[in-house]
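For reference, the chains in residue letters:
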Amino acid sequence: MDDDLIDYAVKIAACVCGKDGVISQTEEHAIYNYVSSNYVGYSIDRFNNTLDEFFDESHQIEIYLSKITNLNLKNFIIKLCEFSAGSDGLDIRENIALDKVKIVLSEGL
Amino acid sequence: MSYFADASPDPKSHIKTLMRIGYTMPSAISDIIDNSLTANASNISIYSLPSLAEPNISILDDGDGMSPQELIHNMKIGCKDPSDERLRGDLGRFGSGMKTASFSQARRLTVFSKRQGHPICAAVWDIDQIEKENTWCLEILDENEILQHPLLLLDKKMIQGTQIVWEKLACLNKTSHSLDTDTVLAAALSELDSYISLHFHKFMEGKQKRNFFINSKELHPIDPFMTKSPGYQEGRSEKLRCKGGYIEINTHVLPHFKRMETKPLERLGGANGIVQNQGLYIYRENRLINAGGWLGLAKTSQLGALARVEVNVPSSLDQEWSTDVKKASLQLPPRIKKELRKFLSDPIKRSKRVYTYRGKQDQANKYWDIQENETNKVISYQISPENEILMEILGNLDKSQKSVFINYLGQLAENLPLNHIYQKMSESPKDIVQENVTDYLLESIMDKVFKANFNE
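What counts as what
- Residues numbered from 1 in each chain as written.
- Chains lettered and ligands numbered in written order.
- Predicted model: local features only at pLDDT ≥ 70, side-chain atom pairs only at ≥ 80, totals over all residues.
- Helix = DSSP H or I, 4+ residues; strand = E, 2+ residues; numbered from the N terminus.
- Contact = placed C-beta atoms within 7 Å.
- Rg over C-alpha atoms; globule rule 2.2 N^0.38 Å.
- Pairing = 2+ DSSP bridges.
- Axes fitted to C-alpha atoms, helices over the stretch in contact; angles between N-to-C directions.
- pLDDT = per-residue confidence, 0-100.
- Parallel < 35°, antiparallel > 145°, perpendicular 65-115°, else oblique.
- Left-handed = near helix turned anticlockwise from the far one by under 90°.
- Nonpolar A, V, L, I, M, F, W, Y, C, P; charged D, E, K, R; others polar.
- Core = buried A, V, L, I, M, F, W, Y, C linked by C-beta atoms within 7 Å.
- Buried ≥ 20, exposed ≤ 12 C-beta atoms within 10 Å, placed from the backbone.

1. Observations regarding the overall build of chain B
Right, so step 1: Helices and strands together make up the secondary structure of chain B, namely 15 helices and 15 strands.
Right, so step 2: Counting only contacts in chain B whose residues sit at least 6 apart along the sequence, the fraction spanning at least 24 positions is 68%.

2. With respect to the overall build of chain A
Right, so step 1: The helix and strand inventory of chain A stands at 6 helices and 1 strand.
Right, so step 2: Reading the helices (α) and strands (β) of chain A from amino to carboxyl end gives α-β-α-α-α-α-α.
Right, so step 3: Scaling as 2.2 N^0.38, a compact globule of 109 residues should have a C-alpha radius of gyration of about 13 Å, and chain A matches this with 12 Å.
Right, so step 4: Taken along its principal axes, the extent of the C-alpha atoms in chain A is 30 × 30 × 25 Å.
Right, so step 5: When contacts within chain A are restricted to residue pairs at least 6 apart in sequence, those whose partners lie at least 24 apart make up 81%.

3. Quick notes on the environment of Ser-197 of chain B
Residue and element names in this part refer to chain B.
Right, so step 1: Secondary-structure assignment places Ser-197 in helix α7 (residues 181-199).
Right, so step 2: The sequence separation of Ser-197 and Asp-223 amounts to 26 residues, and the corresponding C-alpha distance is 8.5 Å.
Right, so step 3: Other than its neighbours up to four places away in sequence, Ser-197 contacts Leu-219, His-220, Pro-221 and Ile-222.

4. Concerning the sheet that holds strand β12 (residues 287-291) of chain B
Right, so step 1: Taken in spatial order, the 6 strands of this open sheet run β1(A)-β9(B)-β10(B)-β13(B)-β11(B)-β12(B), and their pairing is mixed. Only two strands of the sheet have a single partner each, and these edge strands are β1 (22-24) of chain A together with β12 of chain B. Pairwise comparison of adjacent strand axes, ignoring direction, gives a mean angle of 25° for this sheet.
Right, so step 2: Strand direction decides the pairing type here: strand β11 (residues 279-284) of chain B and β12 of chain B, joined by 4 bridges, are antiparallel.

5. A closer look at unusual backbone geometry
Residues and elements named next belong to chain B.
Right, so step 1: One non-glycine residue with positive phi stands out, namely Asn-215, at about 45°.
Right, so step 2: Looking at the element boundaries, Asn-215 is found in the loop between β7 (211-214) and β8 (217-218).
Right, so step 3: Positive phi, normally seen in glycine, also occurs at Glu-285, with a value near 50°.
Right, so step 4: Mapped onto the fold, Glu-285 is located in the loop between β11 and β12.

6. Quick notes on the confidence of the model for chain A
Right, so step 1: Mean pLDDT for chain A: 85, with 91% of residues reaching 70 or above.
Right, so step 2: Looking across chain A, the model is least confident in helix α6 (residues 92-106) of chain A, with a mean pLDDT of 80, and most confident in helix α2 (residues 25-38) of chain A, with 92.

7. Remarks on the packing of helix α2 (residues 25-38) of chain B against α7 of chain B
Residues and elements named next belong to chain B.
Right, so step 1: Two numbers describe how α2 lies on α7: the axes approach to 9 Å, and their chain directions differ by 50°. Judged on the interaxial angle alone, α7 and α2 are oblique. Note on packing geometry: the crossing formed by α2 with α7 is right-handed. Listed contacts from α7 to Met-25, Pro-26, Ile-29, Ser-30 and Ile-33 of α2 are Ala-188, Glu-191, Leu-192, Tyr-195, Ile-196 and His-199.

8. So, the sheet that holds β8 of chain B
Residues and elements named next belong to chain B.
Right, so step 1: Taken in spatial order, the 8 strands of this open sheet run β5-β4-β3-β6-β2-β1-β7-β8, and their pairing is mixed. Edge positions in the open sheet fall to β5 (139-140) and β8, since each of these has one partner strand only.
Right, so step 2: Of the strand pairs in this sheet, strand β1 (residues 43-47) and strand β2 (residues 57-61) are connected by 4 bridges, and their pairing is antiparallel. Each residue of the ladder has a partner; that of Tyr-47, found in β2, is Ser-58.

9. Brief notes about the interface of chain A and chain B
Right, so step 1: Across the contact, 9 residues belong to chain A and 13 residues belong to chain B.
Right, so step 2: Looking at the side of chain A that touches chain B, the elements that each hand over two or more residues are β1, α2 and α3 (44-56) of chain A.
Right, so step 3: In the side of chain A that touches chain B, the residues fall into 4 nonpolar, 3 polar and 2 charged.
Right, so step 4: As paired elements, β1 of chain A and strand β9 (residues 233-242) of chain B share 3 bridges and run antiparallel to each other. Its bridge partner being in β9 of chain B, Val-22 of chain A is matched across the sheet by Cys-242 of chain B.

10. Thoughts on the packing of helix α1 (residues 11-19) of chain B against helix α4 (residues 97-105) of chain B
Residues and elements named next belong to chain B.
Right, so step 1: In contact at an axis separation of 7 Å, α1 and α4 are set at 85° when each is read in the N-to-C sense. By the angle class used here, α1 and α4 are roughly perpendicular. Seen from α1, the contacting residues are Ile-15, Leu-18 and Met-19; seen from α4, they are Thr-100, Phe-103 and Ser-104.
Right, so step 2: In terms of residue class, the contact of α1 with α4 is made up of 4 nonpolar, 2 polar and no charged.

11. Concerning the nonpolar core
In summary, soluble globular proteins display a tendency toward joint burial of nonpolar side chains.
Right, so step 1: In terms of nonpolar packing, the biggest core is built from 64 residues, with Ala-9, Ile-12 and Ala-13 of chain A touching the most fellow members.
Right, so step 2: In terms of residue count, helix α1 (residues 3-17) of chain A provides more of this core than any other element does, 10 residues in total.
Right, so step 3: Not counting residues up to four positions away in its chain, the partners in contact with Ile-12 of chain A are Ile-61, Tyr-64, Leu-65, Ile-77, Cys-81 and Val-101 of chain A.
Right, so step 4: One finds Ile-46, Met-75, Val-111 and Phe-203 of chain B within the second-largest nonpolar core, a separate group that totals 45 residues.

12. Focus: the confidence of the model for chain B
Right, so step 1: Mean pLDDT over chain B stands at 83; residues scoring 70 or higher make up 88%.
Right, so step 2: Quick note on the complex model: pTM equals 0.73, ipTM equals 0.77.

13. Remarks on the environment of Ile-63 of chain A
All names here are of chain A.
Right, so step 1: For Ile-63, the position within the fold is in helix α4 (residues 61-66).
Right, so step 2: Residue classification places Ile-63 among the partly exposed residues on the basis of 14 C-beta atoms within 10 Å.
Right, so step 3: Along the backbone, Ile-63 and Ser-36 are 27 residues apart, and their C-alpha atoms lie at a distance of 24 Å.

See below:
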């Protein structure tokens, strides 16, 4: 799997969890644990750099979603977002973002 | 055809607006200290000597200092764009703090500065001059004028540093005819001591300790959470990742008043201060901005008096938190409110538990019963009918004596001076000493009985 694509997956999950500009520790751990348990060798440093990059960018979620074309990765991202956003109680705003991820990524599945 | 007209503010009127931006003397000096800390100063000294015909205040630091060009740039009001990103540890915000803080307290601001490898430089903003000329006329002093300046403390031996001098002080206006300038100054410096010791307490200890002085007296930190006192309880904590780092939330429960040592209790404003200052303690880059109050997230209550929630925010979030020019107020973003609410119940509950525990102890007292009626929410303090000594006394009395005595005890309980006890317990609980009241009572009664017998 292309490392850049994993970074996009992490940024999409960050968009869903951090809709208001902050990501809780529980959500952060959930994203990292889910990604690292699926991709051997995924390091915490890479994860931290990706999140720093995410906060420095001001892209909408659609920009990250447009980079995802791989079918397996689409499935993985939907599961990642569900797992991480639900880790500390899914709120309504996160739910809208999650719905958007599901609608966009489900096309072509 | 439309055209643009010059509508720039009139300097004479604009300066008056800047003078009334709402600083207090401690908050204005703190804004200057922010700049010293950003400039990596290790020692920050405030001088304001008494008995001067024209009092002045100097704030001297040994930070990076400024070159002559940097000084002129930084003397401009709004020399930085608030939307520019700040480096971690940068306590500035709008690039207006030094000037607006100074103009709110003094009509003449002189800045001496020296950067390593550059000559000492100085510039002066004088409001009287601005008003007279109606122009932003910044006076630049030459080397001779600087070295002969009577208030210069930044001497040639110092490699680098900055000295801010306030003259023609507006902050020392006498509020009462009976007070002289020295008395007003002494009170202001005492208030300043407490303010700096609390708001910069995180800079006064630890690895990156800086030294703060007022008239050469070193300041000591005031820890609003009393983390080193016996009985302190550390609660839940959480880190939220955000742009530029983390927002850290930690909860604390102070020890009960009775377990607090006198000096730390006094420094936190006594028992009254403890109750009033419950709530959120918000730090921006380790500098305290909001000291207490629940910002609408919870109600202030006597039982929640010991609850404190510490929130550490990086300066990269200034835009989202709407930090103002004075850096003395901010607004909580909605998501943070939501996260904070999760944390509030824990320290408040534990604070209540500390109080409730004390209540149960009182209930165990063999002389008094506390009756708490859960249904109608009524609490009453009653003399315990189970007390052995009372039973023995009553056993030795005849029927009419018993009736008079029981009536007296009932009146004693009914007339317990609750309001007075509440007030004194809130203000100065340590002043209440009940240990020798039995001796005093015996003495008084014996005296009266002896006198009555003697008269007979």
